[in-house]
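Chain by chain, the residues run as shown.
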Amino acid sequence: MASRRSSTRGFKRTASVLGDQIRRAGETRGFAVGRVLTHWAEIVGQDLAAIARPVNIGYGKGGFGATLTVLTTGAQAPMLEMQKEQLRERVNAAYGYNAISRVRITQTAPVGFAEGQATFEHRPKTAASVPRPEIVAEAARVADGAKDEDLRAALERLAQNVLSRQKS
């Protein structure tokens, strides 16, 4: 019987390689669902993800209702305090049941010790510069053959990025 040749040529999906490591790291901090860590911005929204990040989930002695510990900067803590219930509801929606009963907010300075640094990079990037019209036209010409609108838009963005970097 002939063996089947791999079509991946030795490459593996990142999720299959790092999945166990992410799960183990998350479980040491109480995250039974690693999705809360990896998709934080999608779960809580861009606004909340820009000012906070999850640090730990602790379970009480009875095992009912966990406490989510969220890290934020001192200046953002009052804003986050007002949105604690909304944050709890969104995280529970990701779990699929009422796993989190309490949200605890911890504060840190934007710079400090390695574990305590608060760098929240989930804020959507603003367009720093608009590509030149000739680059936009060339990108549209390159992506013209695609019949699917989403694919055409993605190809145009890719072409604009490549052409902008080549010109600069």
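The rules we used
- Residues numbered from 1 in each chain as written.
- Predicted model: local features only at pLDDT ≥ 70, side-chain atom pairs only at ≥ 80, totals over all residues.
- Heavy atoms only, no water.
- Helix = DSSP H or I, 4+ residues; strand = E, 2+ residues; numbered from the N terminus.
- Buried < 20%, exposed > 50% of the residue type's maximum accessible area, 1.4 Å probe, protein only.
- Contact = heavy atoms within 4.5 Å.
- Salt bridge = Lys/Arg side-chain N within 4 Å of Asp/Glu carboxyl O.

Going by an unreviewed UniProt entry, the protein carries the name DUF721 domain-containing protein and comes from Ruegeria pomeroyi.

## Brief notes about the overall build of the protein
Of the regular secondary structure elements, the protein holds eight helices and three strands. For the protein, the sequential pattern of α-helices and β-strands runs α-α-α-α-β-β-α-α-β-α-α. Relative to its full complement of 168 residues, the protein shows a buried share of 26%. Within the protein, counting contacts between residues at least 6 apart in sequence, those at least 24 apart form 60% of the total.

## Considering the pattern of salt bridges
As enumerated under the stated definition, the model contains five salt bridges in all. Here Arg-132 ties to Glu-134 by a salt bridge, and the two come within 2.7 Å at their closest N and O atoms. With relative accessibility at 40%, the residue Arg-132 sits in the partly exposed group. The partly exposed category is assigned to Glu-134, whose relative accessible area is 47%.

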